[in-house]
Amino acid sequence: MASIRLENICKHYGDVVALDDVSIEVEDNAFFCLFGPPLSGKSTILKIILGLETPDSGSVFIDDRPMNGVSPAQRNVAMVFQNLALFPHMTALQNVRFPLVERKIAEDVIAARVDAVTKKLHMQHILHKPPSQLSGGERQRVAIARALVRDPVAYLMDDPISALDARLREETRVELRRIQREMNQTVIYVTHDQEEAMSVSDQMAIFEHGRVRQVGAPHDLYDAPASTYVAEMLGAPAINLMAAGGTALNAGRPVPQQAVQLGVRPEHLRVLKDGGNTQVSAIEPMGATTILTLKAGAETMKAALHGQPEFQVGESVSLSVDPAQIHFFDKNGDTLVAV
Amino acid sequence: MTQIALSNLGKKFGSFTALAQMNLTIGDGEFVALLGPSGCGKSTTMNMIAGMVDPTEGDIRFDDRSILDVPMSRRGVGFVFQNYAIFTHMSVRENLAYGLRAQGVSASERNRRVNAMADLLQLSPMLDRRAAGLSVNILQRLAIGRSAVVEPAIFLLDEPLSNVDAAFRSVMRSELKALQRQFSQTLVYVTHDQLEAMTMADRIAVMDHGKLLQVGTPLEIYNNPQDVFVARFIGSPGMNILEGTIASSDEGKLVDLASTGRSAPLALSDRAASQGLPEKVLFGFRPEQVNPDPNGTMALPVNFVERIGARTILHLGGDGIEAKAVLDNQIAMPSIGDILRFSIDPKMVRLFDPVSGIAIGGDI
């Protein structure tokens, strides 16, 4: 497998800036996630790494070799698309074998490689079926197996599991991560599901309008976001952002002078049933957790509580928070280092 | 507003039974989710309520009147599909006004209702834009608005959020719930996503293989699933189910879980106690009920760790045993290869019959 480095990539389509000075370093055997809203530049990055698009400026390096002028085929990077692109007239087995047959690889090598990969993916019982007779998850496995047998230097995956049922997505993301670890693969993965992104990645790059806002391990980005933008992109329900001057929440510690907003994640709010100045305006019981929507004057906050605590709509409560769990942001929305 | 009653409803396509013996009454102004995996019969049920598919058995009544011979256009039903059907050559405003115009609503009233709906769904800034250039998210929001604006007595939504992106889905969940509260329509919502059902519905009807398995409020279904399928389908992740054997101890009956250990003495309900327990049982517990406990009587190896924001999912087991634990990130987290020793509060244990999959004794 290989390391991949992007240096100062810029790309315009007419007047539209698709990528603005993007630099990313993906280590060998890392699962690296590109995360951001639609049209923030994630898919353009994949096309540039594949060699399907040429950047206006900047360079792509694979294992420290510049890829300028290197054709997509010579780069040997495999792509798994959202719509899978399986051949409907072929069986699962023929689909998996296809890239090797195309390259005129010896039959015994093909058989050995296909056998190893399909065993690993627990899919030998479906190999004789055409895609039309497979479930969504099974088709996904065929597409991944077809990418794996090629033995490329890296895999690029563009939202590969978004079309699956919710339950199947939860299982498949873990499966993808296991395969990547067991087989020591470098994967660059695009998704717009924050839970999926945090679940699978070693490192994430968070995009906004063609720029990288922050890169890091998912839990570092979650615990220490560098901006309100990153703070709001991760976590469901989203972090509560409050005006530093006018919030009903007692920070319990000095608020830095430049702080314009405070941020508190819903799981860090403590709700006390003591007839305080905050009202419960909605209750969403979800079994494992209960989400309360809370109103104090014009301010709205959400709290995520463990289990199924009893609250009534309209009930008066007060809020507290562990001071260490408060984030402070300046007028640009950038995180202030605590005083 | 309208009550919907389905009685012995069934649908066969040739020899294939898409739905059998469906009995469900959806109250006036109630939000009911039909929840299940693909092929469970939920969309067939909805299509029969709408009038797009005729049942092969049973009856559908709106407010005690059978509507089987009422054509689709006269049932007073609003419908939103997974694939929004928007007139792309029209503006957002024209799309919203379309149904009202067809009903002959006066221009001033039309304007008022279109503006109010646009406000509610945050479409006001783009009212005069052509639909053709709008994002998938906005188009789906527009599709919902266009159906809702005519204030149908019954609103049917078939996986309306499955094509929109994850972040937008959570915004739309609150908006749909608010919309339904405001108009207090009778709303039937088809989904495969238990989170959507749990967060929006007054009651959930869980379906599988053409059968209705359980109906109840989200918490009733979460806390007391009537069978193993419902137990596993509800929750994220779903309930853990391990095979066990009933054993006796000084403190009462417990479940022997072989290599996983033994449960604490069971807290049996009167009904379960009087009904007696089979020798073999399925031992159910929710991932968030796993208590890491150095003195716990159960233990499983950790084979994968998934940290997702505030919580961590531990994947436990091996050798055909599979379970998950959801832990708070505040505690020290075990690593892959560690053995997690844990306990489960006996009140949180659910037992199921290994043959039928049915819950033993109802609430335990």
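Conventions we followed
- Each chain has its residues counted from 1, following the order in which its sequence is written.
- Each chain gets a letter, beginning with A, and each ligand a number, beginning with 1, in the order they are written.
- The predicted nature of this model means local features are confined to residues of pLDDT at least 70 and side-chain atom pairs, given and counted, to a pLDDT of 80 or more, with totals for whole chains, interfaces and linings taken over all residues.
- Processing note: side-chain calculations cover all non-hydrogen atoms of the structure and skip hydrogens and water entirely.
- For the purposes of this entry, the term helix denotes a DSSP run of H or I that reaches at least four residues, the term strand denotes a run of E that reaches at least two, and both are numbered from the N terminus.
- To sort residues, take the accessible area from a 1.4 Å probe on protein chains only and compare it with the maximum for the residue type: under 20% means buried, over 50% means exposed, and anything in between is partly exposed.
- Here a polar contact is recorded for every N or O atom pair within 3.5 Å, except that within protein the pair must consist of a potential hydrogen donor and a potential acceptor, and residues adjacent in sequence are included only if both atoms are side-chain atoms.
- Any two residues having at least one pair of non-hydrogen atoms within 4.5 Å are treated as being in contact.
- Note: two strands are recorded as paired if DSSP finds a minimum of 2 bridges between them.
- Inter-axis angles, ranging from 0 to 180 degrees, are taken between N-to-C directions of lines fitted to C-alpha atoms, where helices are fitted over the stretch in contact.
- Any carboxyl oxygen of Asp or Glu within 4 Å of a side-chain nitrogen of Lys or Arg constitutes a salt bridge here.
- Each domain's extent is set by a domain assignment, obtained either automatically or from a database.
- Note on definitions: buried area is the accessible-area loss of two parts on being combined, 1.4 Å probe, summed for both.
- In the scheme used here, Gly and all other residues not listed as nonpolar or charged are polar, with Ala, Val, Leu, Ile, Met, Phe, Trp, Tyr, Cys and Pro taken as nonpolar and Asp, Glu, Lys and Arg as charged.
- Residues qualify for a patch when their relative accessible area is over 30% and they have no salt bridge, like charges being joined within 9 Å and the nonpolar side chains of Val, Leu, Ile, Met, Phe, Trp and Tyr within 5 Å.
- Only the protein chains shown count as cover for residues, and the accessible areas themselves come from Shrake-Rupley with a 1.4 Å probe.
- Charge assignment: positive for Lys and Arg, negative for Asp and Glu; neither His nor the chain ends contribute.
- For charged residues, the charge sits on one atom: NZ in Lys, CZ in Arg, CG in Asp, CD in Glu.

### A look at the side chain of Gln-214 of chain B
All names here are of chain B.
- Along the chain, Gln-214 turns up in strand β10 (residues 211–216).
- The buried category is assigned to Gln-214, whose relative accessible area is 5%.
- Here Gln-226 takes part through its backbone nitrogen, which lies 2.7 Å from a polar atom of the side chain of Gln-214.
- Setting aside chain neighbours within four positions, we find Gln-214 in contact with Ile-204, Ala-205, Val-206, Glu-220, Ile-221, Asn-224, Pro-225, Gln-226 and Val-230.

### Digging into the pairing of strand β4 (residues 57–62) of chain A
Residue and element names in this part refer to chain A.
- Note that strand β1 (residues 4–13) and β4 share five bridges and pair antiparallel. By the bridge assignment for β4, Leu-6 is matched with Val-60.
- Where β4 lies against strand β5 (residues 65–66), two bridges are found, and the strand directions are antiparallel. Within the sheet, the bridge partner assigned to Phe-61 lies in β5 and is Pro-66.
- In this structure, the hairpin formed by β4 and β5 is closed by a connection of two residues, where Asp-63 is found at a positive phi of approximately 50°.

### Looking at the sheet that holds strand β8 (residues 186–191) of chain B
Residue and element names in this part refer to chain B.
- Spatially, the six strands line up as an open sheet ordered β6-β7-β8-β3-β9-β10, and their pairing is mixed. The open sheet is flanked by β6 (77–80) and β10, the only strands paired with a single partner. Across this sheet, the average inter-strand angle for adjacent strands is 15°, counted without regard to direction.
- Pairing of strand β3 (residues 31–35) with strand β9 (residues 203–208) involves four bridges; the strand directions are parallel. Each residue of the ladder has a partner; that of Leu-34, found in β9, is Ala-205.
- Relative to β6, helix α4 (residues 136–148) is tilted by about 175°, and along the sheet it contacts β6 and β7 (154–158).

### Things to note about the pattern of salt bridges
- If you walk through the whole model with that rule in mind, you get 26 salt bridges over all chains.
- Across the pair Glu-30 of chain B and Arg-203 of chain B runs a salt bridge whose closest N-O atoms are separated by 2.6 Å. Residue Glu-30 of chain B is found in the loop between β2 (16–26) and β3, and its partner Arg-203 of chain B is found in strand β9; the two are separated by 173 residues along the sequence.
- Through salt bridges with shared partners, a single network forms among Arg-173 and Glu-195 of chain A together with Glu-306 and Arg-311 of chain B.

### Considerations on the domain arrangement of chain B
Residues and elements named next belong to chain B.
- Considered domain by domain, chain B is made up of domain 1 (4–223) and domain 2 (236–352).
- The C-alpha-based centres of domain 1 and domain 2 are spaced at 39 Å.
- The interface is formed by four residues belonging to domain 1 together with four residues belonging to domain 2.
- For the domain 1 and domain 2 pair, buried surface summed over both sides reaches about 330 Å², with 25% attributable to carbon and sulfur atoms.
- The interface formed by domain 1 and domain 2 contains zero salt bridges.
- Joining domain 1 to domain 2, the criterion identifies three residue pairs in polar contact (both at pLDDT 80 or more).
- At three residues, the largest contribution of residues to the side of domain 1 that touches domain 2 is made by helix α7 (residues 218–223).
- Partitioned by chemical class, the residues of the side of domain 1 that touches domain 2 number two nonpolar, two polar and no charged.

### Quick word on a negative patch on the surface
Residues and elements named next belong to chain A.
- A contiguous patch of negative charge on the surface is contributed by Glu-25, Glu-27, Asp-28 and Asp-63.
- Mapped onto the secondary structure, Asp-28 falls in the loop between β2 (16–26) and β3 (31–35).
- For Asp-28, a relative accessible area of 42% puts it in the partly exposed group.

### Side note on the domain arrangement of chain A
All names here are of chain A.
- Once the domains are mapped, chain A shows domain 1 (4–229) and domain 2 (238–336).
- Here the C-alpha centre of domain 2 lies 38 Å away from the C-alpha centre of domain 1.
- Between domain 1 and domain 2, the residue contacts involve seven residues of the former and nine residues of the latter.
- Here domain 1 meets domain 2 over a buried area of about 660 Å², counting both sides, of which 49% is carbon and sulfur.
- A per-residue breakdown of the area domain 1 buries against domain 2 is headed by Tyr-222, Pro-225 and Thr-228, which together make up 73% of the total.
- One can count zero salt bridges joining domain 1 with domain 2.
- Taken together, domain 1 and domain 2 are joined by six residue pairs in polar contact (both at pLDDT 80 or more).
- When grouped by side-chain class, the residues that make up the side of domain 1 that touches domain 2 number three nonpolar, two polar and two charged.

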